[in-house]
Amino acid sequence: MEFDANAFSLLAIQKACHRFTAVASFGVNLQSRDGKNCIIVTASPLGMKSEEGLDHLGKLLRNEALDQQLREQIRIQTEGVRNLILAHAFSKTGLIAPDGAAPAV
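Residues numbered from 1 in each chain as written. Predicted model: local features only at pLDDT ≥ 70, side-chain atom pairs only at ≥ 80, totals over all residues. Heavy atoms only, no water.

> Can you tell me about the pattern of salt bridges, naming the residues and giving the values?
Here the structure, examined in full by the defined rule, presents four salt bridges. Across the pair Glu2 and Arg33 runs a salt bridge whose closest N-O atoms are separated by 2.9 Å. Taken together, the positions of Glu2 in strand β1 (residues 2–4) and Arg33 in strand β2 (residues 24–33) put the pair 31 residues apart, joining distant regions of the chain. Glu2 sits in the partly exposed class, given a relative accessible area of 32%. (Salt bridge = Lys/Arg side-chain N within 4 Å of Asp/Glu carboxyl O. Helix = DSSP H or I, 4+ residues; strand = E, 2+ residues; numbered from the N terminus. Buried < 20%, exposed > 50% of the residue type's maximum accessible area, 1.4 Å probe, protein only.)

> Outline unusual backbone geometry, listing residues and values.
Positive phi, close to 55°, is recorded for Asp34, a residue that is not glycine. Residue position: Asp34 is located in the loop between β2 and β3 (36–45). Taking the relative accessible area as the measure of exposure, Asp34 reaches 85% and is therefore exposed.

Set out below in structure tokens:
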């Protein structure tokens, strides 16, 4: 199976493959084909025999890859807000002194 490396990150594809490791083992490689970067995924089914089952696994993998890519984009877009919320939460714990120095123990 081939994924466009401009549309999907390697990490998103790896996470998608990991989701289905109970039914197949996967190889994930970044390659250049016809001048464009592609992520090539090979699957070795664990007990699945029919072509229909392999086709279904491929469709599930594509859906999961899209889900993981969107999660990655949302994580990047919300990183600033998440860090601000964490900084505010930790500022109320007393773990950090108000002036930024380590608290006296």
